Amino acid sequence: MNETDIGFWGVPLAMFAGAIRVSTPFLFVSLGECLTEKSGRINLGLEGTLVFGAMAGYAVAYLSGSPWLGVLAAGISGCFFGALHGYICKLPKVNDIAIGIAMMLFGTGLAFFFGKPFIQPQAPHLPSISLGGWSSLPQVQSALEINPLFFIGVLLAVVMWWAFKNTRWGLIVRMTGDSAAAARAMGYSVDLVRFLATTVGGFFAGVGGAFLSLYYPGAWSEGLSSGQGLMAVALVIFARWNPLACFGAALLFGAAGALGPALQSVGITQGYYFFNAAPYLLTLFIMIASVSPKRSLKGAPGELSITK
Amino acid sequence: MADIAQQDGVPAMAGGLAETMDRLRRSSEYVVIPLFALVVAGLIFSLFLFALGQSPAMFFSLLWKGGFGTGFSWQNTLVRAAPLILTALCVAIPARLGLVIIGGEGALVLGAFTGAVASIPLVNAGAPPFLVLGAMLVTSVATGAVWIGIVGALRHYRGINETIASLLMSYIAIAIMNFFVEGALRDPGNPNKPSTQPIGEANMIGEVPGLGVHWGLPVGIVVAILLWVLMNRTTFGFAARVTGGNVRAARAQGLPVGKLIVTACAIAGACAGLAGFFEVAAIQGKANASLAAGYGFTGILVAFLARQNPIAIVPVAIFLGGIAAAGGLIQRRMGMPDATVQVLQGLMFVVLLVSETLYGRLPFFRAKGDRR
């Protein structure tokens, strides 16, 4: 028994560290989805955007040697997917949910297509900030290696929360989401607002994907994303379209996702695959607990097809 | 969702030939627009190939050759079309009620897995093939029905979006299978790839004589026809379509909306479970990770291309099965990644949905005197 062995305390610690690591992509995708949904449209294609962002970020980071350039590239590629979704949805008789499914398949397909040559090479990782210098335990130190993107995500959540309440832009987005007729009456173009909201939302989702491939798990592979983009949609509903609540929900999902690996780190490998399903089960139970068929949800944008 | 009010060829009683022709011209919209969308998708994909320095002509000729060119490629195509018909039905039936269910993959995998598990004690006891296969069939179909039925129930009784719920359930289904296949039910006789115990050569379903394709294909076609009859020629189908058209009107009419939704979802899941049964009983011989081969997801595209019409699903499934079958040939001859087919499918899906905007806008397909 050596001094650095902290036994089963390793499980909560690893879950805490894992929650921060695993939650970051959830956070970005859910903030992007939150913005899109606030404008009255739902983008189920963010799963595809996330995967393509992961691939684009990894490829650019590998070719340029700069991981931050990779993050930017992932965001820009996400913009393209968001813009495509936003443009198509404005056409009459086109269903935003169906387009989302199609974009999910299209984005994943494109990512796998262009990502083939990047499966082997090792791209530079995003640097992390060490906050654990005060502790002598290596487990604590490694748990407090936190990626700057996490802090950017938290900041973004706060800014979005503030902006929805206090800025002109926030008001326009909320108005478009609650009543297209009101927005039109005020002289704003509903299609343009939604197009921009979906595009920016795509940017966030792309950045979330770059985190996956450039930090944790930290390599591009075809099995990289396992539905984070889609779970984020459920997460936004759970968070009642509140960016700050999105942050809390993302942490919760991160902890659920970290459960399997955390238990594995202390030697419990039994049921690893079962714990892998934890985030999906959690999402499902959260939806069962928080959605009701009788009343519409508090804070739900009135124009959203998913809550109608 | 998709336009429910399809023109299902009710023959014109009066008016004779001219009116029949007029009807035909108007209903041809549902064939012409999807075909046009496919052509546009093909053109965009050609540009994509061109930009990558590949020859579109070579791509499409290989696509033809690998999918439909030879007897062998036809065989390959039809083997892939069989599960696609069933997974597309899993999307199309709930779609008539206005539900978008995309969890066919999970119902297929879980149905296949439970079927394989049900066979284990019977195989070990030396039961005859018809008993083994019968038990597998019932288990697979029931599992699929319950799995998607749950999605329908969650939708109706808890108001949970069925699209998200079904995809989440899909991930859960695959995790359940992996959990057991890697653990308690792993066959020690197969160290390389975690699988359940094989059902044995003697219990496998054979091929349709002279076709080189397993029985899943004719069964799928029969199921598609039966479901077409169910949805278009029975009170159940009528009630389901009313619900899909307008839930409030359906409720006002006193239709049992909840029962209709759960039943339609259960039928859908049963189709996917049936696909899983054939994947185990006719192809894999055991349950393992290769069951999650994406048939559930391609099935979504098949259903949308067929405009959720069960009979139209059959040719569309064969068409997409052909594209999937040609993937290997394209990969070898042109040195392109296996995701090429996925890109083409995704593109087709996006263009197809964009083409929805054309319905009712083209004057050619309008009724005479309709000057909207």
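Model, not experiment: these values are computed from the prediction. (Residues numbered from 1 in each chain as written. Chains lettered and ligands numbered in written order. Predicted model: local features only at pLDDT ≥ 70, side-chain atom pairs only at ≥ 80, totals over all residues.)

## Re the overall build of chain B
Secondary structure summary: chain B contains 14 helices and zero strands in total. Put simply, chain B runs from its N terminus to its C terminus through helices and strands in the order α-α-α-α-α-α-α-α-α-α-α-α-α-α. For chain B, whose C-alpha radius of gyration is 22 Å, the value lies close to the compact-globule estimate of 21 Å for 372 residues. With respect to the three principal axes, the spread of C-alpha positions in chain B is 70 × 60 × 40 Å. Across the 372 residues in chain B, those meeting the buried criterion constitute 51%. For chain B, the share of sequence-separated contacts (at least 6 apart) that also reach a separation of at least 24 residues comes to 78%. (Helix = DSSP H or I, 4+ residues; strand = E, 2+ residues; numbered from the N terminus. Rg over C-alpha atoms; globule rule 2.2 N^0.38 Å. Buried ≥ 20, exposed ≤ 12 C-beta atoms within 10 Å, placed from the backbone. Contact = placed C-beta atoms within 7 Å.)

## Points about the overall build of chain A
Scanning chain A from terminus to terminus reveals 13 helices and two strands. Over its C-alpha trace chain A gives a radius of gyration of 20 Å, about what one expects of a compact globule, namely 19 Å for 308 residues. For the C-alpha atoms alone, the extent of chain A along its principal axes is close to 70 × 45 × 35 Å. Each of the 308 residues in chain A was classed as buried or not, and the buried ones make up 54%. Taking contacts inside chain A between residues at least 6 apart in sequence as the whole, the part at least 24 apart equals 78%.

## Re the environment of Ala123 of chain A
Residues and elements named next belong to chain A. Structurally, Ala123 is set in the loop between α4 (96-115) and β1 (129-130). With 23 C-beta atoms packed within 10 Å, Ala123 lands in the buried category. When the C-alpha atoms of Ala123 and Ile20 are compared, they prove to be 22 Å apart, with 103 residues separating the residues in sequence. Ignoring any residue separated from it by four or fewer positions in sequence, one finds Ala123 in contact with Tyr58, Ala61, Tyr62, Gly70 and Leu214.

## Points about the packing of helix α6 (residues 148-166) of chain A against helix α7 (residues 168-178) of chain A
Residue and element names in this part refer to chain A. Contact geometry for α6 and α7: axes closest at 5 Å, N-to-C directions at 80°. With respect to α7, the axis of α6 lies roughly perpendicular. Contacts from Ala163, Phe164, Lys165 and Asn166 in α6 reach Trp169, Gly170 and Arg174 in α7. When its residues are assigned to classes, the contact of α6 with α7 shows three nonpolar, two polar and two charged. (Axes fitted to C-alpha atoms, helices over the stretch in contact; angles between N-to-C directions. Parallel < 35°, antiparallel > 145°, perpendicular 65-115°, else oblique. Nonpolar A, V, L, I, M, F, W, Y, C, P; charged D, E, K, R; others polar.)

## Points about unusual backbone geometry
Across residues other than glycine, the phi torsion is negative in most instances, and most of the peptide bonds are trans. Following Tyr216 of chain A, the chain continues to Pro217 of chain A via a peptide bond in cis, the omega torsion being 5°. The residue Pro217 of chain A is located in the loop between α9 (190-214) and α10 (228-238) in this model.

## Digging into the packing of helix α12 (residues 295-305) of chain B against helix α13 (residues 310-334) of chain B
Residues and elements named next belong to chain B. Between α12 and α13, the shortest axis-to-axis distance is 9 Å and the interhelical angle comes to 135°. On the basis of their axis angle, the class for α12 and α13 is oblique. Judged by the twist between their axes, the crossing of α12 over α13 is right-handed. Between α12 and α13, the contacting residues are Thr298, Leu301, Val302, Ala303 and Leu305 on the first element and Ile313, Val316, Ala317, Leu320 and Ala324 on the second. Of the residues belonging to the contact of α12 with α13, the class tally is nine nonpolar, one polar and no charged. (Left-handed = near helix turned anticlockwise from the far one by under 90°.)

## Describing α12 of chain B
Of all the eleven residues making up α12 of chain B, eleven are buried; the element is thus mostly covered by neighbouring parts of the structure. Of the residues one or two after α12 of chain B, Arg307 of chain B is the one with positive phi, at around 50°.

## Some remarks on α10 of chain A
Residues and elements named next belong to chain A. Along α10, eleven of the eleven residues are buried, which leaves the element largely enclosed by surrounding structure. For α10, the set of buried residues is Gln228, Gly229, Leu230, Met231, Ala232, Val233, Ala234, Leu235, Val236, Ile237 and Phe238. Looking one or two places after α10, you find Arg240, whose phi comes out positive at around 55°.

## Here's the deal with the nonpolar core
Ranked by size, the top nonpolar core spans 231 residues in total, and within it Leu235 of chain A together with Ala88, Leu89 and Ile313 of chain B carry the most contacts. At 18 residues, the largest contribution of residues to this core is made by helix α11 (residues 257-284) of chain B. Beyond its immediate stretch of four places on either side in the chain, Leu89 of chain B contacts Val223, Ala224, Leu227, Ala268, Cys271, Pro310 and Ile313 of chain B. (Core = buried A, V, L, I, M, F, W, Y, C linked by C-beta atoms within 7 Å.)

## Side note on the confidence of the model for chain B
Considering every residue of chain B, the mean pLDDT works out to 90; 95% of them sit at 70 or more. In the predicted complex, the global pTM is 0.90; the interface-specific ipTM is 0.90. (pLDDT = per-residue confidence, 0-100.)

## What to know about the environment of Ile88 of chain A
Its location among the elements puts Ile88 of chain A in helix α3 (residues 67-89). Classification of Ile88 of chain A as buried rests on a count of 21 C-beta atoms within 10 Å. Taking C-alpha positions, Ile88 of chain A is 23 Å from Trp169 of chain A, a pair spaced 81 residues apart along the chain. Setting aside residues up to four positions removed in sequence, Ile88 of chain A forms contacts with Val94 and Ile99 of chain A together with Val354 of chain B.

## Comments concerning the environment of Ala325 of chain B
Residues and elements named next belong to chain B. Mapped onto the fold, Ala325 is located in helix α13. Taking the C-alpha atoms as reference points, Ala325 and Ala239, separated by 86 residues in sequence, lie 38 Å from one another. Apart from residues lying up to four places away in sequence, Ala325 is in contact with Gly66, Gly67, Ser73, Asn76, Thr77 and Arg80.

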